[in-house]
Amino acid sequence: MSKHEVQCIWEAGAQLGEGPSWVAEQNRLYFVDLKNQTLHALDAGSGQRRSWAMPDYICWLIARRDGDGFMVGLRDGIARVWLEPELRIEYLARPFPAGSALRMNDAKADSAGRIWAGSMHNTDYAQAIGQLFRLDTDLSLTVADQDYHICNGPAFSLDGATMYHTDSFEGRTYAYPLAADGTLGAPRLWRQFGDGEGSPDGMTVDSEGCVWIAQWGGARVCRYSADGELLDTIHVPARNPASCTFGGADLKTLYITTAREDNTPEQLKEYPLTGALFAVRLDVAGVPAARFGR
């Protein structure tokens with residue numbers, strides 16, 4: 001694959017493809033179909049595919065430092081999951097009251113092994129009731145910020161001192177100072193996305209400290225400098241790229257998940273590969289994804 005030759009590697013037909021996560025020792029790319037309640041895994045060497053039906057929405061998956069299962073976000077909370085030899089789920093935190101219209105959305109681990117996970121109203125995105133949670137390695141859960149419509153991201157600067165985080169509904173990505181103890185400083189508006197760009201969604205950081213953002217409705221993934229300057233654009237043959245991450249042996253493959261939801265029949269006809277998993281080879285490498293735990 002050349003630099004901008006985007007290849008469809010799995011016509012997954014995802015209703016909401018999210019949470020791509022590369023696990024190097026398994027040579028696997030994991031991603032979720034959130035609303036179809038399915039976790040997928042692709043072996044990058046053999047091309048073998050595995051899928052697991054989940055009991056509810058699955059929003060993200062993060063590897064553990066101890067290698068013993070994974071951390072996942074389900075509709076109503078955070079759980080520990082073992083996939084093999086058989087699926088096993090152990091809830092660790094349920095921050096929403098029973099029957100709540102809130103659900104978990106996107107999440108990442110930072111270099112200290114903490115998980116930062118956002119939430120949102122499941123159907124009415126205009127309601128700014130989403131929260132940003134921090135799950136520490138001792139399993140304590142803290143509300144780190146609130147009043148979000150659609151929490152997406154986050155991603156972290158190479159030195160760990162900045163967290164990038166997005167409210168997709170408002171088209172805004174913020175930069176938060178992040179202290180070593182997990183305390184967030186006051187956010188500043190890092191970039192306001194305009195008409196025609198698409199809404200900022202899932203993101204990742206490369207080895208040069210630049211930020212890659214999937215742009216929902218924009219049919220593209222873009223690279224930005226640490227100051228928010230547009231540096232590069234990858235056009236994706238799907239209207240709703242939802243997230244992206246680096247993988248492969250050299251971390252120079254960018255994997256992109258996409259979503260069929262929020263598309264008209266005409267748009268799906270224009271973008272027949274919508275909902276697929278894509279990959280593109282790049283000249284720049286990513287950095288290994290952080291994992292949960294000490």
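Data block above holds the structure.
Quick caveat: nothing in here was measured; it's all calculated off a predicted structure. (Residues numbered from 1 in each chain as written. Predicted model: local features only at pLDDT ≥ 70, side-chain atom pairs only at ≥ 80, totals over all residues. Heavy atoms only, no water.)

## Considerations on the overall build of the protein chain
To be explicit about the condition: Each helix is a run of H or I in the DSSP string that is no shorter than four residues. Each strand is a run of E no shorter than two, and both are numbered from the N terminus. Throughout, radius of gyration means the C-alpha value; the globule benchmark is 2.2 Å times the number of residues raised to the power 0.38. The rule is simple: take the accessible area with a 1.4 Å probe, protein chains only, and divide by the maximum for that residue type; under 20% is buried, over 50% is exposed, in between is partly exposed. Throughout, a contact is declared for two residues whenever any of their heavy atoms are within 4.5 Å. Throughout, the Shrake-Rupley method with a 1.4 Å probe supplies accessible areas, and for residues the shown protein chains are the sole cover considered. Charge assignment in this entry is limited to Lys and Arg as positive and Asp and Glu as negative, and neither His nor the chain termini are counted. Lysine's charge is taken at NZ, arginine's at CZ, aspartate's at CG and glutamate's at CD.
Scanning the protein chain for helices and strands turns up one helix and 24 strands. A compact globule built from 294 residues would reach a C-alpha radius of gyration of about 19 Å, and the protein chain, at 17 Å, matches this within 12%. Dimensions along the principal axes, computed over C-alpha positions, put the protein chain at roughly 45 × 45 × 40 Å. Buried residues in the protein chain amount to 57% of all 294 residues. Taking as baseline every contact in the protein chain between residues at least 6 positions apart, the subset at least 24 positions apart corresponds to 45%. As displayed, the protein chain has an accessible area near 11,800 Å², and 46% of this comes from carbon and sulfur atoms. In the protein chain, 27 positive and 38 negative side-chain charges are present, and the distance between their average locations comes to 3 Å.

## As for the pattern of salt bridges
So the rule is basically this: Counted as salt bridges are all cases of a side-chain nitrogen of Lys or Arg within 4 Å of a carboxyl oxygen of Asp or Glu.
This model, assessed by the stated rule, comprises 17 salt bridges. Here Glu197 makes a salt bridge to Arg191, at a shortest N to O gap of 2.9 Å. There is no split in this pair, since Glu197 and Arg191 are both buried. Across the salt bridge formed by Arg220 and Glu197, the nearest N and O atoms sit 3.4 Å from each other.

## Structural notes on the nonpolar core
Where we set the bar: As used in this record, nonpolar core signifies buried Ala, Val, Leu, Ile, Met, Phe, Trp, Tyr and Cys residues forming a set joined through side-chain atoms within 4.5 Å.
The biggest cluster of nonpolar side chains holds 21 residues, and the ones touching the most others in it are Trp60, Ile62, Met71, Met104 and Ile115. When residues of this core are traced back to their parent elements, those giving at least two are strand 6 (58–63), strand 10 (102–109), strand 11 (115–121) and strand 12 (130–135). Top contributing element to this core by residue count: strand 10, with four residues. Residues contacting Ile62, with those up to four places away along its chain left out, are Phe70, Met71, Ala107, Lys108, Ala109, Ile115, Ala290, Arg291 and Phe292.

## A closer look at the pairing of strand 14 (residues 151–156)
As a reminder of what qualifies: For two strands to pair, DSSP has to find at least two bridges joining them.
Of all six residues that make up strand 14, six are buried, and the element is covered over most of its length. Of the pairings in the sheet, the one linking strand 14 to strand 15 (residues 162–167) comprises four bridges and is antiparallel in character. Following the sheet pairing, Phe156 is matched in strand 15 by Met163. Here strand 14 folds back onto strand 15, and the loop between the two strands holds five residues, one of which, Gly160, carries a positive phi near 75°.

## Some remarks on the sheet that holds strand 14
To keep things clear, this is the line we draw: Fitted lines through C-alpha atoms serve as axes, helices being fitted only where they are in contact, and the angles separating the N-to-C directions of these axes extend from 0 to 180 degrees.
Strand order in the open sheet made by the four strands is 14-15-16-17, with antiparallel pairing throughout. This sheet does not close on itself; its edge strands, each paired only once, are strand 14 and strand 17 (188–192). With direction set aside, neighbouring strand axes in the sheet form an average angle of 25°.

## Focus: the packing of aromatic side chains
Threshold: Two aromatic rings, drawn from Phe, Tyr or Trp (for Trp, its six-membered ring), form a pair once their centres lie within 6.5 Å of each other, and the interplanar angle then sorts them: stacked below 30 degrees, edge-to-face above 60, tilted otherwise.
Counting across every chain of the model gives 10 aromatic pairs. Ring geometry for Trp22 and Tyr255: centres 6.1 Å apart, planes at 15°, overall stacked. With Trp22 in strand 2 (residues 17–23) and Tyr255 in strand 23 (residues 253–258), this residue pair connects regions lying 233 residues apart in the sequence. Across the pair, Tyr255 and Trp22 agree in class, each one buried. For the pair Trp212 and Phe246, a centre-to-centre distance of 6.0 Å together with 80° between the ring planes defines the contact as edge-to-face. Placement of the pair is Trp212 in strand 19 (residues 211–216) and Phe246 in strand 22 (residues 241–247), with a sequence separation of 34 residues.

Note that every value here comes from positions in space, so none of it alone points to a role or purpose.
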